[in-house]
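Each chain, written out:
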Amino acid sequence: MSSSLPGQLSGVRILIVEDETMIAMLLEGMLLELGCVVAGVAVSVATALEMVGGLAVHADCALLDVNLGGEAAFPVAAALCERQVPFAFVTGYGRSAIAQQYSGAPVLQKPFKREDLLALIGSIVRG
Amino acid sequence: MIDELNHRVNNTLTTVQSVAIHSFRSAGSAQEFYDAFMARLHNLSDIHSLLRGTTWEDVLLSAIIKQTLAPYATASGVRQQRFELTGADFWLAPTSAAVLGMVFHELATNAAKYGALSVASGTVAISSTVDRDSDTPVAVINWAERGGPPLRLPDRTGFGTRLIEYGMPRELHGEAVLSFLPSGLECCMRLPLSSGKLVPA
């Protein structure tokens, strides 16, 4: 692992929406190494909507798994748009699985490298 | 169909990536990494075999436990019953089966290294019940080691501990507590049935 990456996204707050434990733990580990703060981890559409809608969580950016235990994550995307929180999809499906109205959102293909995550979040938070 | 297959393969590859990175972080040497990673990979493979047998439908908790603990079922060279499995059984959705299989794998490898399974006389009792006194019914699954050596202080930041106390309960909307008791390690998991991730058999 390269040592030049850690800390590059110092203090950036990320909301993770991912239902599979090992993948959520992978994202958390990589984000912490990059200096991010994990603002929350939601494992279902319902918990994600609670976190986003209730303003229980302040996030600079959200990473959305597309399929949350059989439920599509697009209602979460809608709630994030409403709150003006930028987001990217993290998926094993590829772009074709993204609903038309969110086709402009960045997509990170699983499996991903830490460098890809850094580039993705960097481009989102720096506009 | 092909999309679904691609999704599953990519998620599985990402899971393996996660297992590799976590094993790498907590290993003290290349040999330790190799041993821990291969054991975890074989556990994942065993769980997938079970799920394939049901064409990716629900599986019984007891089947996941037996499959995961099979490599530890006999003491080194001594054939004896190391595990006692009693109580209620549950149907697990595939992703719940995978994460609980990993939890039991971490408990068993820890017991084999430091706990009851590190000595010939040690045993583990696994019991499960449904607690109907709570607001919603809760599956209570307990792992209790007996007859092991005196316990050493746990590594609170290790992968197994975080998976058990943090990762798994988050996915299954429950809680899990590891207790390092004089009699041996105990792990009590409380998983609400309302989540639909496990259903009484």
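Our subject in this report is the structure included herewith. (Residues numbered from 1 in each chain as written. Chains lettered and ligands numbered in written order. Predicted model: local features only at pLDDT ≥ 70, side-chain atom pairs only at ≥ 80, totals over all residues. Heavy atoms only, no water.)

### A look at the overall build of chain A
Rules: Counting from the N terminus, the helices are the DSSP runs of H or I reaching at least four residues and the strands are the DSSP runs of E reaching at least two. Note that the radius of gyration is over C-alpha atoms, with the globule rule given as 2.2 Å times the number of residues to the power 0.38. Here's how the labels work: a residue is buried when its accessible area is under 20% of the maximum for its type, exposed when over 50%, partly exposed in between, all with a 1.4 Å probe on protein chains only. Contact criterion: two residues are considered in contact whenever any of their non-hydrogen atoms come within 4.5 Å of each other. The method behind every accessible area is Shrake-Rupley, applied with a 1.4 Å probe, and residues are considered shielded solely by the protein chains displayed.
Of the regular secondary structure elements, chain A holds four helices and seven strands. In sequence order, chain A lays out its α and β elements as β-α-β-α-β-β-β-α-β-β-α. Its C-alpha atoms give chain A a radius of gyration of 13 Å, within 12% of the compact-globule value 14 Å for 127 residues. Once the C-alpha set of chain A is aligned to its principal axes, its extents read approximately 35 × 30 × 30 Å. The 127 residues of chain A split such that 57% are buried. Put simply, 66% of the contacts in chain A that link residues at least 6 apart link residues at least 24 apart. Of the roughly 5,100 Å² of accessible surface on chain A, a fraction of 53% belongs to carbon and sulfur atoms.

### A few points about the environment of F83 of chain B
All names here are of chain B. Along the chain, F83 falls in strand β2 (residues 83-87). Residue F83 is classed as buried on the basis of its relative accessible area, which comes to 12%. For the pair formed by F83 and G115, sequence separation is 32 residues and the distance between their alpha carbons is 13 Å. Residues contacting F83, with those up to four places away along its chain left out, are L69, Y72, A73, L117, V124, I126 and W143.

### Here's the deal with unusual backbone geometry
Cis geometry marks the peptide bond from K110 of chain A to P111 of chain A, where omega comes out at -10°. Looking at the element boundaries, P111 of chain A is found in the loop between β7 (107-109) and α4 (114-125). At Q84 of chain A, a residue that is not glycine, the phi angle is positive and equals roughly 55°. With respect to the helices and strands, the residue Q84 of chain A is situated in the loop between α3 (74-82) and β6 (87-91). Residue classification places Q84 of chain A among the exposed residues on the basis of a relative accessible area of 72%. For H173 of chain B, which is not a glycine, the phi torsion comes out positive at approximately 60°. Inspection of the secondary structure puts H173 of chain B in the loop between α5 (159-172) and β6 (175-181).

### Topic: a nonpolar patch on the surface
Heads up, the condition is: Exposure above 30% relative accessible area and no salt bridge define the residues that can form patches, which grow by joining like charges within 9 Å and nonpolar side chains of Val, Leu, Ile, Met, Phe, Trp and Tyr within 5 Å. Any Lys or Arg side-chain nitrogen located within 4 Å of an Asp or Glu carboxyl oxygen qualifies as a salt bridge.
The grouping of I2, L5, V9 and L13 of chain B at the surface amounts to a nonpolar patch, some 370 Å² of accessible area in total. Looking at where V9 of chain B falls in the secondary structure, it is placed in helix α1 (residues 2-26).

### Quick look at the pairing of strand β4 (residues 123-131) of chain B
Residues and elements named next belong to chain B. Counted only if it meets this: Think of it this way: DSSP has to see at least two bridges between two strands before they count as a pair.
Pairing of β2 with β4 involves five bridges; the strand directions are parallel. By the bridge assignment for β4, E84 is matched with A125. As paired elements, β4 and strand β5 (residues 138-146) share nine bridges and run antiparallel to each other. Within β5, the position partnered with S127 by the bridge is N142. Turn length for the β4-β5 hairpin, with the two strands adjacent in sequence and antiparallel, is six residues.

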